[in-house]
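Residue-level listing of the chains:
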Amino acid sequence: MASINSNFLKLKAGYLFPEIARRVKAFSDANPDKAARIIRCGIGDVTEPLPAAVRNAMHEAIDEMGVRESFKGYGPEQGYEFLRQAIVDHEFAGLGISADEVFISDGSKCDTGNILDIFGKGNVIAITDPVYPVYVDTNVMAGNTGDADEKGAYAGLVYLPCNAENGFVADLPQERVDLVYLCFPNNPTGAVATRAQLEAWVNYAKENDTVIFFDAAYQAFVQDPTVPKSIFEIEGAKDVAIEFRSFSKNGGFTGVRCAYVVIPKTVSGKAEDGTRVPLHQLWSRRHSTKFNGASYPVQKGAAAIFSEQGQAEVKALVEHYMGNAKLLVAAAKSAGLAVFGGENAPYVWVGCPAGMTSWDMFDKMLGEAQVVITPGSGFGAAGEGWFRISAFNSRANVEEVCRRLHVVLG
Ligand SMILES: *Cc1c(COP(=O)(O)O)cnc(C)c1O
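Residues numbered from 1 in each chain as written. Predicted model: local features only at pLDDT ≥ 70, side-chain atom pairs only at ≥ 80, totals over all residues. Heavy atoms only, no water.

1. What to know about the site of the ligand
The environment of the ligand is made up of 14 residues, and the closest members are Asp 215, Tyr 218, Ser 246, Ser 248 and Lys 249. Between the ligand and the protein, one listed contact pairs an oxygen atom with a side-chain N or O atom of Tyr 218 at 2.6 Å. Note that an oxygen atom of the ligand is positioned 2.7 Å from one of the side-chain N or O atoms of Arg 257. Compared with its free state, where it exposes 390 Å², the ligand has 93% of that area covered by protein. The residue makeup of the shell around the ligand, split by class, is five nonpolar, five polar and four charged. (Near = heavy atom within 4 Å. Polar contact = N/O pair within 3.5 Å; in protein donor to acceptor, adjacent residues only side chain to side chain. Areas by Shrake-Rupley, 256 points an atom, 1.4 Å probe, with all protein chains shown as cover. Nonpolar A, V, L, I, M, F, W, Y, C, P; charged D, E, K, R; others polar.)

2. Here we look at the packing of aromatic side chains
Scanning all chains against the criterion turns up 26 aromatic pairs. Ring plane angle 50 degrees and centroid distance 5.6 Å describe the contact between Phe 247 and Tyr 260, whose orientation is recorded as tilted. Taken together, the positions of Phe 247 in the loop between strand S7 (241-246) and strand S8 (259-262) and Tyr 260 in strand S8 put the pair 13 residues apart, joining distant regions of the chain. Residue Phe 247 is classed as buried on the basis of its relative accessible area, which comes to 2%. Cluster of aromatic residues (ring-pair linked, three or more members): Phe 119, Tyr 132, Tyr 135, Tyr 181, Phe 213 and Phe 244. Over the ring of Tyr 296 we find Lys 72, and its NZ or CZ is 4.6 Å from the ring centre. (Phe/Tyr/Trp six-rings, centres within 6.5 Å; stacked < 30°, edge-to-face > 60°. Helix = DSSP H or I, 4+ residues; strand = E, 2+ residues; numbered from the N terminus. Buried < 20%, exposed > 50% of the residue type's maximum accessible area, 1.4 Å probe, protein only. Lys NZ or Arg CZ within 6 Å of the ring centre and 35° of its normal.)

3. A few points about the side chain of Arg 388
Take Arg 388: it is sitting in strand S15 (residues 386-390). Of the side chains bearing the opposite charge, Asp 45 lies closest to the buried Arg 388, which forms no salt bridge; the N-O distance is 10 Å. Within the structure, Arg 388 has its side chain in polar contact with the backbone oxygen of Gly 42 (distance 2.6 Å). (Lys, Arg positive; Asp, Glu negative; His and termini not counted. Salt bridge = Lys/Arg side-chain N within 4 Å of Asp/Glu carboxyl O.)

4. Let's talk about the sheet that holds strand S14 (residues 374-375)
The four strands are arranged S11-S12-S15-S14 in an open sheet whose pairing can be described as antiparallel. Either end of the sheet is taken by a strand with one partner, and the two such strands are strand S11 (339-341) and S14. Looking at chain direction, strand S12 (residues 347-351) and S15 are connected through five bridges and run antiparallel. Each residue of the ladder has a partner; that of Val 350, found in S15, is Phe 387. (Pairing = 2+ DSSP bridges.)

5. Looking at the pattern of salt bridges
Note that side chains of opposite charge can pair when their charged atoms are close. Tallying each qualifying case throughout the model produces 18 salt bridges. The partner of Arg 23 in a salt bridge is Asp 363, and the shortest N-O contact between them spans 2.9 Å. Pair noted here: Arg 23 is in helix H1 (residues 16-30) and Asp 363 is in helix H10 (residues 358-369), with a separation of 340 residues, a long-range link. Close ionic contact of Asp 178 with Arg 176 constitutes a salt bridge, the shortest N to O distance being 3.0 Å. Relative accessible area serves as the criterion here: at 37%, Arg 176 is assigned to the partly exposed category. One salt-bridge network, in which partners are shared between bridges, spans Glu 19, Arg 22, Arg 23 and Asp 363.

6. A word on the domain arrangement of the chain
Structurally, the chain comprises domain 1 (12-49 + 309-409) and domain 2 (54-307). Here the C-alpha centroids of domain 1 and domain 2 sit 26 Å apart. Every contact between the two is made by 29 residues of domain 1 and, on the other side, 37 residues of domain 2. Of all residues in domain 1, the largest losses of buried area upon contact with domain 2 belong to Lys 12, Asn 344 and Phe 379, amounting jointly to 24% of the total for that side. On the surface where domain 1 and domain 2 come into contact, there are zero salt bridges. The interface formed by domain 1 and domain 2 includes 13 residue pairs in polar contact (both at pLDDT 80 or more). (Domains from an automatic or database assignment. Contact = heavy atoms within 4.5 Å. Buried area = accessible area lost by both parts, 1.4 Å probe.)

7. A short note on the side chain of His 320
Along the chain, His 320 falls in helix H9 (residues 308-334). Judged by its relative accessible area of 17%, His 320 falls in the buried class. Those residues within four positions of His 320 in sequence are excluded, and the remaining contacts are Glu 48, Asn 393, Ser 394 and Arg 395.

8. Points about helix H8 (residues 296-304)
In an α-helix, one full turn covers 3.6 residues, which means residues spaced three or four apart are oriented alike. Among the nine residues that make up H8, eight are buried, leaving the element largely enclosed by the rest of the structure. The complete set of buried residues in H8 reads Tyr 296, Pro 297, Val 298, Gln 299, Gly 301, Ala 302, Ala 303 and Ala 304. Those residues of H8 that are buried are in contact with helix H2 (52-65), helix H3 (81-91), strand S2 (102-105) and H9.

9. Structural notes on the pairing of S8
Side chains of S8 alternate between two faces, with Ala 259 and Val 261 and Tyr 260 and Val 262 buried alike. Two strands pair when backbone bridges link them, and S7 and S8 are joined in this way by four bridges, in the antiparallel orientation. By the bridge assignment for S8, Phe 244 is matched with Val 261.

10. Here's the deal with the sheet that holds strand S5 (residues 179-183)
Strands sit in the order S2-S8-S7-S6-S5-S3-S4 across an open sheet of seven strands; the sheet is mixed. Two strands bound the open sheet, and with one partner strand each, they are S2 and strand S4 (157-161). Sheet twist, expressed as the mean angle between neighbouring strand axes with direction ignored, is 20 degrees. Where S5 lies against strand S6 (residues 211-215), five bridges are found, and the strand directions are parallel. Note that in S6 the partner of Leu 179 across the bridge is Val 211. With respect to the sheet, helix H5 (residues 133-141) is in contact with strand S3 (125-129), S4, S5 and S6, its orientation differing from that of S3 by roughly 145 degrees. (Axes fitted to C-alpha atoms, helices over the stretch in contact; angles between N-to-C directions.)

11. Focus: H5
Those residues of H5 that fall on the buried side of the exposure criterion are Val 134, Tyr 135, Val 136, Thr 138, Asn 139 and Val 140. Those residues of H5 hidden inside the fold are in contact with helix H4 (108-114), S3, S4, S5 and S6. Immediately beyond the C-terminal end of H5, within one or two residues, lies Gly 143, with a positive phi of roughly 80 degrees.

See below:
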C-alpha cells in the first residue's frame, strides 16, 4: 500500500473559516427573517470590480491568442520580460533589483508555501503570533514541526508573540533562528513596521545568518510615507531577505491570480557540505520544473496595473478601502474598544469588550448585529481577545456596520 505524508495528519482540521461558515449557516437557519441582513466582514477578499485598464489589456491579449501570428503557447516559466521589467521599474526603482530576480507566479499563497521546497530539514523557523495560517500549515506539511498542543501551537516552531504592548510588531527572537516570516502591513492585525524596526530585523538576520521571508501583499495600502513598502528599502536586506508580492489586494486579482517573489541573487543558504548556495539558483530550478508560467492574458492584465490608467484605478481602489477602514476605526474607537491597524492596512484589529473571548464576540456580532467578523484566536493563541474587521466591502455596507456596532456596543 502507498504510504502517505503523515505530517498532514498533524494539521488541525481547517478550522477558522469553516467554523465561521457553520455558525453563519446555523444562525441563518434559525433566524430566516434576519438572514438577508447579514454583512460579511470576515474573509480577506476584495469586493470591488477589476480595473478597466486590466480588463482591456486582458481582452486584447485574448484577441492576440485568437490569431495565428500572435498566438502564444507556453511562456517563460519565470514570467514574461514585459511584466518582470515593469515590476522592477515601478515597484523597486533605485533599489538595485533586476528583472531576472523577479519570478511571476499565480499567487502568493502558493509562493509562500512552495518556497519551503528549496530549504533543508532541521531549520529553526520563527513565526509571528497571530499569523496568516498558510505559513504554519505549510511548515507542518513539510515536516518542519512536531505535533500541535491544545491551543494549536506546534512543537518545534518559534512563536513570536504580538500584542498590544509591542504594538503587534514582534520583538526580535531571544534565540537564533534560520528562517523568519514577517508580513507588513500585517494580516490579520493591520500593523506596519517602522523603518527602524525593519532595520533591526535585517541586522538580526545578518548577525544570525537568518533568511527573512517578507510578505508584502498589502504594501499598496501603506499611507504613511515613512513606512517602508519593501524590505529592500532597508540597507543590506538584499543579502538576507526575499519578498513576496501579489496583485490580489491592490489590483483586485484574487480571482484572476497573479503574484511574484523577489529573490536577490545575493541571498543564500548553506549546503550540507557547508558551501553557500544562492536561493535564486534553487528557486529558478524549482519554478521552471514545477510551474509552467502564469497565463499570458493574466500577465498582460497585471502589467496594465503599471500603466497610467491602471495606477489611477488602483489608487482609487486603495482610497476606497482605506476610507472604509477609517470609518471602521472611528466606529470601534467610539464604542470604547481598543483598536489597532486600519491606518496602513485594510484590516482593523479590535479588542473584545472586557471578559469576552474572540468567539464570544463573533457570536454577539452575528446574533445581535448580523455582522460577520473574524475571531482573532483563529490566527493563533496570541489573537485571543481580539477580532478582525475587514475593510474590503462596499461603502454602504461599511456605514451600516458602523451603525450596528454602535447599537450593539453603545
Ligand atoms: C491575500 C494574501 C496574500 C496573497 O495571496 P494570493 O495567493 O496572491 O491571492 C499573501 N499573503 C497574505 C498574508 C495575504 O493575506
